[in-house]
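Analysis of the macromolecular model
Residues per chain are reported as follows:
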Amino acid sequence: MKEQQFRLWRWMPVAVAGLLMGVIALICVHTMIELNEAVYWREHTISTLLDTQALEDSLINSESAEHKYIQTGEPKQLIEYRSGTNAEIQDLHELAALAKNDPAQQKRLRELTSAIQEVFAHDAKVIGVYAQQNIARRNSAALGDLQEDAADKAIRDLGRYSDEEKAQLVKRDAKEQNDYHRASRILIVASLVAAADSV
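Notes on the structure in this doc start here. (Residues numbered from 1 in each chain as written. Predicted model: local features only at pLDDT ≥ 70, side-chain atom pairs only at ≥ 80, totals over all residues. Heavy atoms only, no water.)

The subject of this paragraph is the overall build of the chain. The helix and strand inventory of the chain stands at four helices and zero strands. Sequence-ordered secondary structure for the chain, helices as α and strands as β, is α-α-α-α. Expressed as a percentage of the 199 residues in the chain, the buried residues total 33%. Accessible surface for the chain amounts to roughly 12,600 Å². Of this, 60% is attributable to carbon and sulfur atoms. (Helix = DSSP H or I, 4+ residues; strand = E, 2+ residues; numbered from the N terminus. Buried < 20%, exposed > 50% of the residue type's maximum accessible area, 1.4 Å probe, protein only. Areas by Shrake-Rupley, 256 points an atom, 1.4 Å probe, with all protein chains shown as cover.)

Turning next to the nonpolar core. Counting residues in each nonpolar core, the largest one holds 23 residues, and the members touching the most others are L55, L109, L112 and I116. Counting only elements with at least two residues in this core, the list comes to α1 (2-72), α2 (75-98), α3 (103-133) and α4 (137-198). The element best represented in this core is α3, accounting for nine residues. (Core = buried A, V, L, I, M, F, W, Y, C linked by side-chain atoms within 4.5 Å.)

A ring pair, where both rings are aromatic, is described by two values, the distance of the centres and the angle of the planes. The full count for this structure, using the stated rule, is one aromatic pair. For the pair Y40 and W41, a centre-to-centre distance of 5.1 Å together with 75° between the ring planes defines the contact as edge-to-face. (Phe/Tyr/Trp six-rings, centres within 6.5 Å; stacked < 30°, edge-to-face > 60°.)

Counted according to the given criterion, the structure contains seven salt bridges. Note that D173 is salt-bridged to R42, the shortest N-O span being 3.2 Å. You can see D173 sitting in helix α4 and its partner R42 sitting in helix α1, a full 131 residues away along the chain. For R42, a relative accessible area of 30% corresponds to the partly exposed category. Salt-bridge contacts for E164 lead to R108; the nearest nitrogen and oxygen are separated by 3.7 Å. In this pair, E164 sits in helix α4 while R108 sits in helix α3, placing the two residues 56 residues apart along the sequence. Of the residues examined, R108 reaches a relative accessible area of 27% and is grouped as partly exposed. Among the ionic contacts, a cluster of salt bridges with common partners joins R42, D173 and E176. (Salt bridge = Lys/Arg side-chain N within 4 Å of Asp/Glu carboxyl O.)

Here we take up the side chain of Q105. Tracing the sequence through the fold places Q105 in helix α3. Residue classification places Q105 among the buried residues on the basis of a relative accessible area of 0%. What Q105 contacts, discounting residues up to four positions off in sequence, is A99, Y161, E164 and E165. (Contact = heavy atoms within 4.5 Å.)

Moving on: a nonpolar patch on the surface. A cluster of nonpolar residues, W9, M12 and V16, forms a patch on the protein surface that exposes about 300 Å² of accessible area. The topology assignment puts M12 in helix α1. When its relative accessible area of 32% is taken as the criterion, M12 is described as partly exposed. (Patch = residues over 30% accessible without salt bridge, like charges linked within 9 Å, V, L, I, M, F, W, Y side chains within 5 Å.)

Moving on to the environment of M32. Along the chain, the position of M32 falls in helix α1. For the pair formed by M32 and D179, sequence separation is 147 residues and the distance between their alpha carbons is 9.1 Å.

Take A87: it is sitting in helix α2. Spatially, the C-alpha atom of A87 lies 9.0 Å from that of S62, the residues being 25 residues apart in sequence.

The topology assignment puts A196 in helix α4. As for A196 and A17, which are separated by 179 residues in sequence, their C-alpha atoms are 9.3 Å apart.

What follows deals with the side chain of D157. Relative to the assigned elements, D157 resides in helix α4. Relative accessible area serves as the criterion here: at 5%, D157 is assigned to the buried category.

Now the structure itself:
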């Protein structure tokens, strides 16, 4: 009987070490899932920022082409303008897909979409007036000033949207770093406990 108890106590450290290794494995799996989620959200935020920048570039390029068309009357500029507006629409759709899980950004995106639609409406008015009446430069300049207000509003809305995403990136980066450090500490402590137990 005593010999049997001795054998049981002899294998106890191995059993405890095996149990600790199992717990460490579970903690590792859980931590990796959290880290992968944090990396996903960080990449999501970076994609959103890149799409926001692409939208701003498209808006600026199309507005520049519209102004050049009004000033020069070159059809090439009108084609560039239309190409830019198509890119803006595509960029808005991509942002909408990325913002589907963020109610605050969805609200800002609706405001941004409205501001860009105002720019499109004003552009159509200016281009229509120019095409129908071939107005003089000074009158088109007056229409251009109104255009600047609509475009500036859209760019401000886009800036607010981008600023919110940048704030999200900082938060998500901090969470990722926190998860990483927490996982490291857990693994170190668990390894030390397992090593101490096997001694």
